[in-house]
Amino acid sequence: MKRVLFAAALGLGLAAPAFADLALATSKNCMSCHAVDRKVLGPSFKDVATKYKDDKGAIDALATKIVKGGSGVWGPVPMPANNQVSEADAKKLAAWVLATPR
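Presented here is a report on the structure given in the accompanying data block. (Residues numbered from 1 in each chain as written. Predicted model: local features only at pLDDT ≥ 70, side-chain atom pairs only at ≥ 80, totals over all residues. Heavy atoms only, no water.)

## Here's the deal with the side chain of His34
Take His34: it is sitting in the loop between helix H2 (16-27) and helix H3 (45-51). Owing to a relative accessible area of 13%, His34 belongs among the buried residues under this scheme. A distance of 2.8 Å separates a polar side-chain atom of His34 from the backbone oxygen of Pro43. The residues contacting His34, other than those within four sequence positions of it, are Val40, Gly42, Pro43, Phe45 and Met79. (Helix = DSSP H or I, 4+ residues; strand = E, 2+ residues; numbered from the N terminus. Buried < 20%, exposed > 50% of the residue type's maximum accessible area, 1.4 Å probe, protein only. Polar contact = N/O pair within 3.5 Å; in protein donor to acceptor, adjacent residues only side chain to side chain. Contact = heavy atoms within 4.5 Å.)

Following this line, the structure appears as structure tokens:
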């Protein structure tokens, strides 16, 4: 059943980009601390998209935080550095997070 729904969504061009970037986020361990629609250790991707919706430099800034880590923006829990994430993948992840429906 899941295959049928996924194939139908691909045929409509709806799920492919979202699925590909969710797969990337999962493979880079983002989903260990984040979720799309709820806070885990870090903020939800929905909350990040809302916070940075009008920030033209958000993709680059978030990509830097993904790779180098950061602290203080979302509370006392720091985001660790993710040296295993390339700059290109970090930008792809940042763009995907920012495109999360609010």
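This is not the end of the story, as more comes after the structure.
## Concerning the pattern of salt bridges
The tally for this structure, following the rule as stated, stands at three salt bridges. Between Lys91 and Asp60 there is a salt bridge whose closest N-O contact spans 3.2 Å. With Lys91 in helix H5 (residues 87-98) and Asp60 in helix H4 (residues 58-68), this pair connects stretches of sequence that are 31 residues apart. With a relative accessible area of 42%, Asp60 lands in the partly exposed category. Note that Lys91 is salt-bridged to Glu87, the shortest N-O span being 3.7 Å. Of this pair, Lys91 and Glu87 both sit in helix H5, four residues apart, which is roughly one turn of the helix. Judged by relative accessible area, Glu87 falls into the exposed class, the value being 57%. A single salt-bridge network, built from bridges that share partners, covers Asp60, Glu87 and Lys91. (Salt bridge = Lys/Arg side-chain N within 4 Å of Asp/Glu carboxyl O.)

## Comments concerning the packing of H4 against H5
Their axes nearest at 8 Å, the elements H4 and H5 cross at an angle of 120 degrees. When the axes of H4 and H5 are compared, the pair comes out oblique. You can see that H4 and H5 cross each other, and the crossing is right-handed. The segment H4 lies against H5, with Ala58, Ile59, Asp60, Leu62, Ala63, Ile66 and Val67 engaging Ala90, Lys91, Leu93, Ala94, Ala95 and Leu98. When the residues that make up the contact of H4 with H5 are grouped by side-chain class, the tally is 11 nonpolar, no polar and two charged. (Axes fitted to C-alpha atoms, helices over the stretch in contact; angles between N-to-C directions. Parallel < 35°, antiparallel > 145°, perpendicular 65-115°, else oblique. Left-handed = near helix turned anticlockwise from the far one by under 90°. Nonpolar A, V, L, I, M, F, W, Y, C, P; charged D, E, K, R; others polar.)

Read these as layout, nothing more, since geometry by itself doesn't imply function.
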